[in-house]
Amino acid sequence: MEDEEILALLRSRNEQGINELEHKYGTRLRLLAERILPEEDAKECLNDTYLAVWNSIPPNCPEFLFAYAAKICRNFALNKVEWNRAAKRNAVVVELSAELEQCVPDVSAELGQQELGALIAEFLKKQTEEKRQLFIRRYWYGESIRELADATGYRESKVKSILFRLRNRL
């Protein structure tokens, strides 16, 4: 089923819209959540995502349904990490944050989150498709260097090098 049809179901408050969303994008959303959270928390995050999509359409009408749902899912996952972090830290999130802290200013000090997002988006538009995909897959979806190397056919050292240069340019 196409995104427009799923959105029409959601706007008409037909629960089949959530079923179709899960059928079309459930695996990708689950993988996104599981890159950040343990499996049980990822399942909870996924259910929260479906509920949030249900509650937000209407009034929202996203142009790209997967991106909309993925943003919601990722935010729930990161919020869950923060909640779980009272006594311990998630190594993957800490690693990704540490990599980006080198090139991105403290959001609260200099820029608002939306301004920072717009600047990063503008930077990524100027990159090649391949570099843009590596950056997004690493820092948005949280894929490991090994996963990126396997997907591109590059050695891990080349993937690290590309990401290092991108961060420096950013």
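Look above for the structure.
These figures come from a predicted structure and were not determined experimentally. Here the residue numbering is sequential within each chain, running from 1 through the sequence in written order. Note on the predicted model: pLDDT of at least 70 is required for a residue's local features to be given, and 80 or more for side-chain atom pairs to be given and counted; whole-chain, interface and lining totals, by contrast, use all residues. Heavy atoms throughout the structure, all of them, feed into the side-chain values; hydrogens and water do not.

Enquirer: Where do I start with the nonpolar core in this structure?
Expert: Generally speaking, soluble globular proteins have nonpolar side chains that are buried together. Counting residues in hydrophobic clusters, the biggest one holds 29 residues, and the most contacted among them are Leu 10, Leu 21, Leu 29, Leu 37, Val 53, Ile 57 and Leu 65. Looking at this core, the elements with two or more residues in it are α1 (3–11), α2 (16–36), α3 (39–56) and α4 (65–84). A run of DSSP states H or I qualifies as a helix once it reaches four residues; a run of E qualifies as a strand once it reaches two. Both are numbered from the N-terminal end. Residue contributions to this core peak at nine residues, all from α4. Among the nonpolar cores identified, the runner-up in size contains twelve residues, and Ile 145, Leu 148, Leu 163 and Leu 166 belong to it. Residues belong to a common nonpolar core when they are buried Ala, Val, Leu, Ile, Met, Phe, Trp, Tyr or Cys residues joined through side-chain atoms within 4.5 Å. Per-residue accessibility, obtained with a 1.4 Å probe over protein chains only, is compared with the maximum for each type, and a residue is labelled buried under 20%, exposed over 50%, and partly exposed between these values.

Enquirer: Sorry if this is basic, but what is going on with the environment of Leu 37 here?
Expert: Along the chain, Leu 37 turns up in the loop between α2 and α3. Between the C-alpha atom of Leu 37 and that of Ala 77, which follows or precedes it by 40 residues, the distance is 6.5 Å. What makes two residues a contact is simply this: any of their non-hydrogen atoms within 4.5 Å. With residues up to four places along the chain from it excluded, the contact list for Leu 37 reads Ala 42, Cys 45, Ala 77, Lys 80 and Val 81.

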